[in-house]
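# Descriptive analysis of the structure
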Amino acid sequence: MRIALHGPLEGKQGSSMNSASVSPRRATIRTVAQAAGVSTATVSYVLSGRSGRTDAPGVSTETELRVREAALGLGYRPNQAARTIRTGKSNLMMLSLTMLSDPWSLSVSKAVGAAVAPAGITPMILADTDWRTAIKRQGADVVFIDAADEEGDAQLLAELARSNRLVVFSETLEPNGFDVVRSLAGTSMDQAMDHLTAVHTKVACLTSANSLRSLNSVRYGAYVRGLERAGLELRENYVATFDGDEISAYEAAVTLLRQPDPPTAIFATSDFVAIAAVHAAQRLRLDVPGDLAVVGIGNTLQGEAMAPSLTSVGPSGFFDRLADFLVRRAKDQSGPPQVLEFPWQLLVRDTAPAAP
């Protein structure tokens, strides 16, 4: 039976219905346009994020403000499913970051956040989440993967790339339907060790337990080669390992520095480990770099901004260039897969200054 209701429901005698049982109509682009006194095309242009671009003509600041105020006042929310069907784009960017607390991951997140805002793209961060499952469940215009099993995942990445635009950080993978971001470490880590051994004879290494077990560990290998070039002995008590997080790295550094004959320099295999070593030294009232010199790997924004600033090995301008590349891929997915390479260099800062 269909019942016609006439007039407002409030105060209606004998009715079991009230105003709370009737939801207001959802605001649409048309109602926002009417409230702002503009066309629906203008509303779509502003709310899509295109009005903030510098490579396309936009509407006036006054009009944009009026549209946004109208949308806010009406509680407008875009119908993402309808937009995706209509345009073929979700305006979503997925970032798979293995350890979000790592300064490297934080630097990626910060740079991407600044780059996507003018483009009208929303970043989704998979923190410590398996991207292999998440990509199949959630569509995105581009997916950045910061770590992959380069042998076991090669075929899976190629399969996923048939329906997803993937950008993979890898030292060895070749493009196979997906883009590859690669760091060209070259001799920069050797330079970092030579930089330390030019001043210090007691150089320790802070590295992950997995890296120490690996026969192909590039970063730990640079430490060993550096000692050999300087004619220094590889001392077992000068090699400390951690389990993969900041707390473990900090505890390993404290143990290293509390020895009867502690090192005067530390070669850390990532920036977050180096930062943990600096904090451990400060906790033990050691001066950095007076009592302890520290070198990291990654050239992260956090390492550069900390006091004392961190001497590190890594690419210059990496994070902003990566973010710009991801935005371009999200906007235009037609280009062929490519390799984006970033040469590394030694960046000498406060924690390990040059020899006098």
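This section reports on the structure supplied with the text. (Residues numbered from 1 in each chain as written. Predicted model: local features only at pLDDT ≥ 70, side-chain atom pairs only at ≥ 80, totals over all residues. Heavy atoms only, no water.)

This next bit is on the packing of aromatic side chains. Geometry of an aromatic ring pair is reported as the spacing of the ring centres plus the angle between the planes. Following the criterion strictly, the structure yields nine aromatic pairs and no others. Each ring, one from Tyr220 and one from Tyr223, has its centre 6.0 Å from the other, and the planes form 35 degrees; the classification is tilted. With Tyr220 and Tyr223 both in helix α10 (residues 218-230) and three residues apart, the pair spans about one turn of that helix. Looking at Tyr223, the relative accessible area reads 1%, which means it is buried. Between Tyr223 and Phe267 the ring centres are 6.3 Å apart and the planes differ by 20 degrees, which places this aromatic pair in the stacked class. Of this pair, Tyr223 sits in helix α10 while Phe267 sits in strand β8 (residues 265-268), and the two are 44 residues apart along the sequence. (Phe/Tyr/Trp six-rings, centres within 6.5 Å; stacked < 30°, edge-to-face > 60°. Helix = DSSP H or I, 4+ residues; strand = E, 2+ residues; numbered from the N terminus. Buried < 20%, exposed > 50% of the residue type's maximum accessible area, 1.4 Å probe, protein only.)

The next point concerns the sheet that holds strand β6 (residues 203-208). Strand pairing in a sheet relies on backbone hydrogen bonds, with the paired strands running either antiparallel or parallel. Strand order in the open sheet made by the eleven strands is β2-β1-β3-β4-β5-β11-β10-β9-β8-β6-β7, with mixed pairing throughout. Looking at which strands have only one partner, the edges of the open sheet turn out to be β2 (122-127) and β7 (239-242). Averaged over all adjacent pairs, the angle separating strand axes in this sheet is 20 degrees, with direction ignored. By the bridge criterion, three bridges tie strand β3 (residues 142-145) to strand β4 (residues 166-169) in an arrangement that is parallel. Across the sheet, the residue bridging to Ile145 is Val168, located in β4. (Pairing = 2+ DSSP bridges. Axes fitted to C-alpha atoms, helices over the stretch in contact; angles between N-to-C directions.)

Take unusual backbone geometry next. The linkage connecting Val288 with the following residue, Pro289, adopts the cis geometry, with an omega of 15 degrees. Considering the arrangement of structural elements, one finds Pro289 in the loop between α12 (271-283) and β9 (293-297). Residue Ala307 is joined to Pro308 through a cis peptide bond whose omega torsion reads 0 degrees. For Arg285, which is not glycine, the phi torsion reads 60 degrees and is therefore positive. With respect to the element layout, Arg285 can be found in the loop between α12 and β9.

What follows concerns the nonpolar core. Formed by 49 residues in total, the largest nonpolar core has its most connected members in Leu196, Leu206, Tyr223, Ile266 and Phe267. A total of nine residues in this core trace back to one element, the largest contributor, which is α12. Those residues in contact with Phe267 that lie beyond four places of it in its chain are Met189, Ala192, Met193, Leu196, Ala204, Cys205, Leu206, Arg219, Ala222, Tyr223, Val295 and Ile297. Residues Phe319, Val327, Ala330 and Phe342 belong to the second largest nonpolar core, which totals 26 residues. (Core = buried A, V, L, I, M, F, W, Y, C linked by side-chain atoms within 4.5 Å. Contact = heavy atoms within 4.5 Å.)

A few words on the environment of Val46. Tracing the chain through its elements places Val46 in helix α2 (residues 40-47). Overall, Val46 belongs to the buried group, its relative accessible area being 0%.

On to the packing of helix α8 (residues 188-197) against α10. Between two packed helices, the angle of one axis relative to the other and the distance separating the axes together describe the packing. One can describe the packing of α8 onto α10 by two numbers: an axis separation of 9 Å at closest approach and a directional angle of 45 degrees. As judged from the angle between their axes, α8 and α10 are oblique. Judged by the twist between their axes, the crossing of α8 over α10 is right-handed. Two secondary-structure elements touch here, α8 through Met189, Asp190, Met193, Asp194 and Thr197 and α10 through Val218, Arg219, Ala222, Tyr223, Arg225, Gly226, Leu227, Arg229 and Ala230. Of the residues in the contact of α8 with α10, the class split is seven nonpolar, two polar and five charged. (Parallel < 35°, antiparallel > 145°, perpendicular 65-115°, else oblique. Left-handed = near helix turned anticlockwise from the far one by under 90°. Nonpolar A, V, L, I, M, F, W, Y, C, P; charged D, E, K, R; others polar.)

Glancing now at α8. Most of α8 is tucked away: eight of the ten residues are buried. When α8 is considered as a whole, its buried residues turn out to be Ser188, Met189, Asp190, Ala192, Met193, His195, Leu196 and Thr197. Check the buried side of α8 and you find it contacts β6, α10, β8, β9, β10 (311-315) and β11 (339-347).

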